[in-house]
Amino acid sequence: MKVLRAVRRVVSTAANGGKLAVTDISRLPGASEHHWNWQLRSACRSADTRLFFHPVNERGSSAEQREQAAKSVCARCPVRIECRRYALAAREPYGVWGGLSAEERRSVLRTPGVQART
């Protein structure tokens with residue numbers, strides 16, 4: 001809990017014009033283990049992370065094929081919904097999470113009446 005308070009203090013300092021810039025973690029779940037246990041059951045746990053995150057300058061059919069392959073892993077994942085909820089709540093900017101691409105997640109979050117914690 002002390003570490004979480006220290007991180008929040010650093011984030012608060014950065015938000016108040018301090019010199020240290022840290023990613024805003026205010027939307028992320030706390031340090032409690034139950035917030036993260038779902039990751040231990042994920043289908044992607046043993047997969048190559050390059051499947052879920054595109055390389056620099058990847059475009060066209062290779063990007064579509066990689067994304068579809070990642071989504072097929074998500075389709076059989078027992079924690080797909082938890083993963084999707086996390087990605088929407090944290091506003092994950094990159095990769096395939098819970099079967100949604102970054103673009104699809106942005107679209108969901110722009111939909112009127114949809115909140116990040118769906």
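Residues numbered from 1 in each chain as written. Predicted model: local features only at pLDDT ≥ 70, side-chain atom pairs only at ≥ 80, totals over all residues. Heavy atoms only, no water.

A. Fine view of the pattern of salt bridges. A complete count under the given rule lists five salt bridges for this structure. Its salt-bridge partner being Arg-66, residue Glu-58 comes within 2.8 Å of it at the nearest N-O pair. Accessibility expressed as a relative area gives 13% for Arg-66, which makes it buried. (Salt bridge = Lys/Arg side-chain N within 4 Å of Asp/Glu carboxyl O. Buried < 20%, exposed > 50% of the residue type's maximum accessible area, 1.4 Å probe, protein only.)

B. Region of the structure containing helix H2 (residues 60-75). With 16 residues, H2 should cover 22 Å at 1.5 Å per step; its first-to-last C-alpha distance of 22 Å lies within 8% of that length. When we look at burial in H2, the residues that qualify are Ala-63, Arg-66, Ala-70, Lys-71, Val-73 and Cys-74. Along the long axis of H2, the arc covered by the buried residues comes to 150 degrees, so they all point the same way. Of the residues in H2, the exposed ones pointing more than 90 degrees away from the buried face are Glu-64, Gln-65 and Ala-75. Of the surrounding elements, those touching the buried residues of H2 are helix H3 (80-90) and helix H4 (102-110). (Helix = DSSP H or I, 4+ residues; strand = E, 2+ residues; numbered from the N terminus. Expected span 1.5 Å × (residues − 1). Arc of directions from axis to C-beta. Contact = heavy atoms within 4.5 Å.)

C. Structural detail: H3. Cys-83, Tyr-86, Ala-87, Leu-88, Ala-89 and Ala-90 are the residues of H3 that are buried. Buried-residue contacts for H3 involve H4. Looking one or two places after H3, you find Arg-91, whose phi comes out positive at around 55 degrees.

D. Examining the packing of aromatic side chains more closely. Tallied over the entire structure, the rule returns three aromatic pairs. Ring geometry for Trp-38 and Tyr-86: centres 6.0 Å apart, planes at 40 degrees, overall tilted. Taken as a pair, Trp-38 in the loop between helix H1 (2-15) and H2 and Tyr-86 in helix H3 lie far apart in primary sequence, 48 residues in all. Summarising the aromatic geometry, the rings of Phe-53 and Trp-97 are spaced 6.4 Å apart at their centres and angled 80 degrees between planes, so their arrangement reads as edge-to-face. With Phe-53 in the loop between H1 and H2 and Trp-97 in the loop between H3 and H4, this residue pair connects regions lying 44 residues apart in the sequence. Look at Phe-53 and you get partly exposed, because its relative accessible area is 35%. (Phe/Tyr/Trp six-rings, centres within 6.5 Å; stacked < 30°, edge-to-face > 60°.)

E. The confidence of the model for the chain, seen in detail. Put simply, the chain has an average pLDDT of 80, and 66% of its residues get 70 or more. The lowest-confidence element of the chain is H1, averaging 45 in pLDDT; the highest-confidence one is H2, averaging 96. Throughout residues 1-16 the model reports pLDDT below 50, and contacts reaching past four residues in sequence, or to other chains, amount to 14 contacts. (pLDDT = per-residue confidence, 0-100.)

F. Quick look at unusual backbone geometry. One non-glycine residue, Asn-57, lies in positive phi territory at about 65 degrees. The residue Asn-57 is located in the loop between H1 and H2 in this model. The phi angle at Arg-91 is positive, at roughly 55 degrees, despite the residue not being glycine. Secondary-structure assignment places Arg-91 in the loop between H3 and H4. Looking at Arg-91, the relative accessible area reads 41%, which means it is partly exposed.

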